[in-house]
Amino acid sequence: MVKISVVYHSGFGHTEVQAKAVYEGALSSNKVEAKLVTVEEAIADIRQFDDSDAIIFGSPTYMGSVSAKFKEFMDASSPIWLKQGWKDKIAAGFTNSYSLSGDKLNTLMQIGIYAMQHSMIWVGLGHDNTCKNGNQGDPKEINRMGSYFGAMAQSDNQPSDVTPPEGDLKTAQILGKRVADLTKKFKYND
């Protein structure tokens, strides 16, 4: 059984919806135990990831970067970094913003570099954009923003029960399942 943690910050609930989709995707793979952890919970107990085989990180994109609360979590993990306690754990990331771009790639790269600082093994999305016939950006399609570094979502200025759209949530599920499947291969050579 592999253990996967999905740690995230959500300022308005939209990234939490995305985190739950990542979590569901991870659980859809056999022999997986997964947990959702807010950055507030993670900061209070940074050692809770010691037995995780993979950690999937999520932050909203604010001003082209991770949120301040997510950065606080990153900084709180410094004692883990000092001892390379997350070395060779699988890592991946996801983000959400109001704009289609919103400079989300920068956020994912910041999370990826953070994972590399911890000597983790980064897993990208591994799924093409399914938009066809000039229908770019269709909210029902998977990976509609064409991100390969991680899962991106875009949320309209609406409540989190109606946005992000279904294609972005399917994309998040694909990321969670891919991390789970690859973690099993890495851990058990399946």
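What this report covers is the structure whose coordinates are included nearby. The model shown is predicted, which means the values in this text are computed figures rather than measured ones.

1. Side note on the overall build of the protein chain
Step number 1: A count of helices and strands for the protein chain gives six helices and seven strands.
Step number 2: The C-alpha radius of gyration computed for the protein chain amounts to 15 Å, which stays within 12% of the reference 16 Å derived for 190 residues, consistent with globular compactness.
Step number 3: Its C-alpha atoms put the protein chain at 50 × 40 × 25 Å along the principal axes.
Step number 4: Here the protein chain holds 190 residues, and 49% of them are scored as buried.
Step number 5: Considering only intrachain contacts with a sequence separation of at least 6, the fraction spanning at least 24 residues in the protein chain is 77%.
Step number 6: For the protein chain, the accessible surface area stands at approximately 8900 Å², while carbon and sulfur atoms represent 52% of it.
Step number 7: Once the 20 positive and 22 negative side-chain charges of the protein chain are each reduced to a mean point, those two points are 6 Å apart.

2. Side note on the packing of aromatic side chains
Step number 1: Enumeration over the complete set of coordinates arrives at 11 aromatic pairs.
Step number 2: Pairing Phe 57 with Phe 73 gives two aromatic rings, centres 6.2 Å apart and planes at 40 degrees, and the pair type is tilted. Here the residue Phe 57 occupies a position in strand E3 (residues 54–62), and Phe 73 occupies one in helix H3 (residues 68–76), the gap between them amounting to 16 residues. Of the two residues examined, Phe 57 and Phe 73, each falls in the buried class.

3. As for the packing of helix H1 (residues 14–27) against helix H6 (residues 166–188)
Step number 1: At a closest axis distance of 6 Å, the pairing of H1 and H6 adopts a crossing angle of 40 degrees. Judged by the inter-axis angle, H1 sits oblique to H6. Considering only the axes of H1 and H6, their crossing is right-handed. Listed contacts from H6 to Val 17, Gln 18, Ala 21, Val 22, Glu 24, Gly 25 and Ala 26 of H1 are Leu 169, Ala 172, Gln 173, Gly 176, Lys 177 and Ala 180.

4. Describing the pattern of salt bridges
Step number 1: Summed over all chains, the structure comprises 10 salt bridges.
Step number 2: Across the pair Asp 75 and Lys 71 runs a salt bridge, and its minimum N-O distance is 2.5 Å. With Asp 75 and Lys 71 both in helix H3 and four residues apart, this pair spans about one turn of that helix.
Step number 3: On the basis of relative accessibility, which here comes to 43%, the residue Asp 75 falls in the partly exposed class.
Step number 4: Here the residues in one salt-bridge network are Lys 177, Asp 181 and Lys 184, joined through shared partners.

5. Remarks on helix H5 (residues 104–117)
Step number 1: Helix length check: H5, at 14 residues, gives a terminal C-alpha distance of 20 Å against a target of 20 Å (1.5 Å per residue), a fit within 8%.
Step number 2: Along H5, the residues classified as buried are Lys 104, Thr 107, Leu 108, Ile 111, Gly 112, Tyr 114 and Ala 115. On an axial view of H5, the arc spanned by its buried residues comes to 155 degrees, and they lie on one face.
Step number 3: Buried residues along H5 sit against E3, strand E4 (65–66), H3, strand E5 (90–97), strand E6 (121–122) and strand E7 (151–154).
Step number 4: Backbone geometry just downstream of H5 places Ser 119 in the positive-phi region, at approximately 60 degrees.

6. Here's the deal with H6
Step number 1: Between the first and last C-alpha of H6 there are 33 Å, a value that for 23 residues agrees with the 33 Å anticipated at 1.5 Å per step.
Step number 2: Residues Gly 167, Asp 168, Thr 171, Ala 172, Leu 175, Gly 176, Val 179, Ala 180, Thr 183 and Lys 184 constitute the buried set of H6.
Step number 3: Looking at the packing, one finds that the buried side of H6 touches strand E1 (2–8), H1, strand E2 (32–38), E3, E5 and E7.
Step number 4: Two residues or fewer past H6, Asn 189 is found with a positive phi of approximately 60 degrees.

Cut-offs applied
Residues numbered from 1 in each chain as written. Predicted model: local features only at pLDDT ≥ 70, side-chain atom pairs only at ≥ 80, totals over all residues. Heavy atoms only, no water. Helix = DSSP H or I, 4+ residues; strand = E, 2+ residues; numbered from the N terminus. Rg over C-alpha atoms; globule rule 2.2 N^0.38 Å. Buried < 20%, exposed > 50% of the residue type's maximum accessible area, 1.4 Å probe, protein only. Contact = heavy atoms within 4.5 Å. Areas by Shrake-Rupley, 256 points an atom, 1.4 Å probe, with all protein chains shown as cover. Lys, Arg positive; Asp, Glu negative; His and termini not counted. Charge placed at Lys NZ, Arg CZ, Asp CG, Glu CD. Phe/Tyr/Trp six-rings, centres within 6.5 Å; stacked < 30°, edge-to-face > 60°. Axes fitted to C-alpha atoms, helices over the stretch in contact; angles between N-to-C directions. Parallel < 35°, antiparallel > 145°, perpendicular 65-115°, else oblique. Left-handed = near helix turned anticlockwise from the far one by under 90°. Salt bridge = Lys/Arg side-chain N within 4 Å of Asp/Glu carboxyl O. Expected span 1.5 Å × (residues − 1). Arc of directions from axis to C-beta.

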